[in-house]
Amino acid sequence: MEKYLRENFSVQPKNPSEAALLRWRSAVSVVKNPRRRFRMVANLAHRADAEEKRRKLQSPINLSSDLLLRMLYQLESEYNKEKIRVALYVQKAALHFITAGSQGGDDMLAKQRREAGFKIDPEGLANIIRSHDIDCLAHHEGVEGVARDVLVSLELGVSSLDVELRQKIYGLNRHAEKTPRSFWMFVWDAMQDLTLIILMVCALVSVGVGILTEGWPKGMYDGVGIILCIMLVVFVTSISDYKQSLQFKDLDKEKKNISIQVTRDGRRQKVSIHDIVVGDIVHLSIGDIVPADGLLISGFGLLIDESSLSGESEPVNVDQKKPYLLSGTTVQDGSAKMLVISVGMRTEWGRLMDTLSEGGDDETPLQVKLNGVATIIGKIGLGFALLTFVVLTGRFLLGKIAHHQITKWSLDDASKLLNFFATAVIIIVVAVPEGLPLAVTLSLAFAMKKLMKDKALVRHLSACETMGSAGCICTDKTGTLTTNHMVVDKIWICGQTKAIKSGNKENVLKPSISEQIFDLLLQSIFQNTGSEIVKGQDGKNKIMGTPTESALLEFGLLLGGDSKLYNDKYKIVKVEPFNSVRKKMSVLVAIPDGTKKFRAFIKGASEIVLKLCDEVVNEDGKVIHLNEQRRNSITEVINGFASEALRTLCIAFKDIEGSSESDSIPEDKYTLIAIVGIKDPVRPGVKEAVKTCLEAGITVRMVTGDNLNTAKAIARECGILTDGIAIEGPDFRNKSPQEMEDIIPKIQVMARSLPLDKHTLVTNLRNVFNEVVAVTGDGTNDAPALHEADIGLAMGIAGTEVAKENADVIVLDDNFTTIVNVTRWGRAVYINIQKFVQFQLTVNVVALMLNFVSACVSGSAPLTAVQMLWVNMIMDTLGALALATEPPHDGLMKRPPIGKNAKFITRIMWRNIIGQSIYQIIVLLVLKFRGEQILKLNGPDSTIVLNTVIFNTFVFCQVFNEINSRDMEKINVFQGMFSSWVFLMVMAVTICFQAIIVEFLGTFAQTVPLSWKMWLVCVLIGAVSLVIAGVLKCIPVPTSNYDFVVTQHDGYEELPSGPEQA
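Conventions we followed
- Residues numbered from 1 in each chain as written.
- Predicted model: local features only at pLDDT ≥ 70, side-chain atom pairs only at ≥ 80, totals over all residues.
- Heavy atoms only, no water.
- Helix = DSSP H or I, 4+ residues; strand = E, 2+ residues; numbered from the N terminus.
- Contact = heavy atoms within 4.5 Å.
- Areas by Shrake-Rupley, 256 points an atom, 1.4 Å probe, with all protein chains shown as cover.
- Pairing = 2+ DSSP bridges.
- UniProt positions renumbered as here; feature names shortened; annotations may be inferred.
- Phe/Tyr/Trp six-rings, centres within 6.5 Å; stacked < 30°, edge-to-face > 60°.
- Lys NZ or Arg CZ within 6 Å of the ring centre and 35° of its normal.
- Axes fitted to C-alpha atoms, helices over the stretch in contact; angles between N-to-C directions.
- Parallel < 35°, antiparallel > 145°, perpendicular 65-115°, else oblique.
- Left-handed = near helix turned anticlockwise from the far one by under 90°.

Further remarks concern the overall build of the chain. On a plain count of helices and strands, the chain comes out with 39 helices and 26 strands. Across the chain, contacts joining residues at least 24 apart in sequence account for 73% of those joining residues at least 6 apart. A total of about 45,000 Å² of accessible surface is found on the chain, and carbon and sulfur atoms cover 57% of it.

Rendered as structure tokens:
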């Protein structure tokens, strides 16, 4: 079975090949209800159509545009390129104008717009963007003119009181979404089950035949009983599926809800992307997604990735000459402010999304594998059903031949043949485990909902499942292992080291350094920054920006500085924002003395900035040459700060004469002002979480851009760095492939790393060492590593939107403990599905053998159609609810990860399935053939009483076996059961409904009320399965061929991998 599953039902958890997706689809057979079973499976045909439409739409205008684009990229002149580009946009805008004109306008909205004072309509604003024509923008007097037309101040932004009116006139910033499926659509899907339709027809025929042979109303009970049971199955299934769909809908809303920084009511604040309106002033920085179509107000070095719209990978420079920003594109570099002029379906992105019909998410490996298991079992069940029908029919025909009645047929004979056929169909209903693949969806939906409460947003279904197999976590330091609440703890300036205390204020520095150097330090802090000091609703200062920047600005405010004073006095000419490759930020400001003098400031990673300096400010506040001795002394200061787990930054400046605005910011000959040591404490609980990972066989590696000594100090505190290697990024990337192969298993810390180093490490761990790797990332440049990893984990607070888009899970609180929780739930999902499979296969085996043997020996099946449908619901929908939603327990993190090649149905599971099946089959067959003597039943109703006892015993065997399945290895299966309310509720519903069926619905279910003694017998026989399970779990099972033992760097010995230890 495992070989067959591996060959035909195996897909990668991330970015599976189309060949693998097509292979398992072609291998699936014996499907009762394709609509329901494949509801959560990607539609490859729709996906292909969507991709084709996207390609057509990304070209401005079909064939002629393709030819022009080829010409565009053959031309060398940028001027010619831009002319053709504008021509295409003008052509496209003209088409939109014609389309819009043919549709007509909304007179009521136009009237409201004029009354409100807006001078331009939504279509007019949209055409400004669509045309990409600078003359069109000039006609409206540029960005300032458009702002006047939409009644907004570029300084103060939109008033909160106007938001609702703007949404009414210019539209909501939401794209067209599919109409959500109603509950009745799920009912319709559930009714498409072929076997249920056949049973429904059989039931109707049975009603007709029954009334003719037995009269009214007795003759209709059997058929009506089947119909009622089918309706119950349909409604219970539909309710379960509908609730799942609501959970996924809520999670989908969370995925799309992005926070955007805007200026409203004169202050900078965060709002939801869905609340963006025309006229909003949006602040953009590296990694942000452009939330709507707009125009550039101001910015520095803005580089936009438009590949999502145009299909072209080359980024576009956006400046005052080309100020157009399109929704759905991303900021690759630089920062800017933009004026929103089109939202929602009037944006280019909205139009593109409206035309596409996506094919859905890829199915997860477990879903595919369980489709394979369902196919195998379905084929076996189909064979048994046919064989049972042949045996029953054969015995019936032989009986007629023996009594010389083969030529005499009555309605009673037709009814018997119909019952034989119904029995065969019922066997197929029970034998084909349609609920297996859907149990994965149920379990994942439950886990995702719980993880959402625990601050983890799962973006892709497979990630939750794959996380249970993670053997390595490559984690960032800042914000993940540490609190991300940074404060300046120490500063080295003018040859002196000062400890900073919150109560000391400017007295810390002012007495010991000159006024000029003090002023220079404050200027560098307030002007060379990517953050902003804004007034909160309470009137107090609030800093918007990264934690590092915020720490420096808080320090500047602590020293008594005023950011507005410096920004009003010195005009910022050019900015080079910080990113993870440069590891520094630079700014060029004009000195207001009437001369062409400029001053450059630089701050960033200490080693990098120090290399760019050739002078330093000494103890007397004078600038002196930075010789080798002084450089070594400063390096010791940096290392001293780092060894105290402080993040170190160097701040430097350079005065420039005769520069111009077009000149780049210099890259050398700076004067060092200060070294700042920023404290970022380790998060509470991280050390314990790391220890949990190590005990679970998961290697934790820290990959950070920080100083090596800082990284080592934090790693030791967290328990990550033990006896392994700490290496710097430059050393790592210069190694040969063979050297990398030798050193990677020993690496515990990588400092001063680039995103490329992280990507290289992940690629090697996956491809060379065959590990399942989880990676955290927050920056735009982390996107390749997040995409390459088996599980990409983006930071919800510090992470850019680009990082989040490429991630599988968003860690909303940026906490390493949350990552461990995701791992715990990932393992729980896998184990829960194994429990459910073990339970369902046991029911399958017992039901098949019981009916088949009874049919062969006695010529009748002991369980009726109604009874079998009830059993099917117990093992399918209710069983999945009970077992697939069990919460994780601490024991899950005491075993190693589930190996990539581990068998899904393990030897331990087969031991339990076979053992329980043998017990149940023997007990039930003994009751079938010797029950009347054993139970001392006599009288005319002894047969129906016995059949009721068999049915009741069979159900209670499944109830207790469901409890057994809670743990596949431990004898104590009651541990944690009373804290799992879903499990207890399912058990209570099953037992109560069983009692109702037996005691009150006998007319339809063909049962009779039982005495308390018979009830006790049924319950006790079922309860013996607990004892049987305990005995079975004492039988040792040999480890599989896929097990291995590895000693981890932390000294823990990994147990044999695979779910045998589950």
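Where strand E17 (residues 613–617) lies against strand E20 (residues 670–679), three bridges are found, and the strand directions are parallel. Residue Glu615 lies in a different strand from E20, and its bridge partner there is Thr671. Bridge count between E17 and strand E18 (residues 623–625): three bridges; the pairing is antiparallel. Residue pairing across strands places Val617 opposite Val623, the latter belonging to E18. What sits between E17 and E18 in their antiparallel hairpin is a turn of five residues, with Gly621 showing a positive phi close to 80°.

Another point: the UniProt feature "transmembrane region" (unreviewed entry) in the chain. UniProt's feature table lists "transmembrane region" (unreviewed entry) at residues 194–213, 219–239, 376–398, 418–447, 908–930, 942–960, 981–1002 and 1014–1032, given in the numbering used throughout. Segment residues 418–447 splits into 90% helix and 0% strand. End C-alpha atoms: 44 Å apart.

Attention now goes to the packing of aromatic side chains. With the rule as written, the count across this model stands at 14 aromatic pairs. Ring geometry for Phe389 versus Phe421: centroids 6.1 Å apart, planes at 80°, classification edge-to-face. Remark: Phe421 occurs in helix H18 (residues 411–431) and Phe389 occurs in helix H17 (residues 365–402); sequence separation between them is 32 residues. Here a set of aromatic residues connected by ring pairs shows up, and it is made of Phe183, Trp184, Phe186, Phe235 and Tyr242. Stacked on the ring of Phe186, the Lys or Arg Arg181 has its end atom at 4.7 Å from the ring centre. One Lys or Arg, Arg966, reaches over the ring of Phe983 and ends 5.5 Å from the middle of that ring.

Running from amino to carboxyl end, H18 crosses helix H33 (residues 816–858) at an angle of 165°, the nearest separation of the two axes being 9 Å. Between H18 and H33, the crossing angle belongs to the class labelled roughly antiparallel. Crossing geometry of H18 relative to H33 is assigned as left-handed. On the side of H18, the interface is formed by Ile427, Val430 and Ala431, while H33 contributes Asn844, Ala847, Leu848 and Asn851.

This part takes up the sheet that holds strand E9 (residues 472–475). Read from one edge to the other, the open sheet built from eight strands follows the order E8-E26-E25-E24-E9-E21-E23-E22, with strand pairing classed as mixed. Edge positions in the sheet fall to strand E8 (456–458) and strand E22 (725–728), since each of these pairs with one other strand and no more. Going from strand to strand, the sheet's axes swing by 20° on average, the running direction of each strand aside. Two strands pair when backbone bridges link them, and E9 and strand E21 (residues 699–703) are joined in this way by four bridges, in the parallel orientation. Along E21, the bridge assignment pairs Cys474 with Arg701. Sheet contacts for helix H30 (residues 755–767): E9, E21, strand E23 (747–751) and strand E24 (773–777); angle to E24, the most-contacted strand, approximately 170°.

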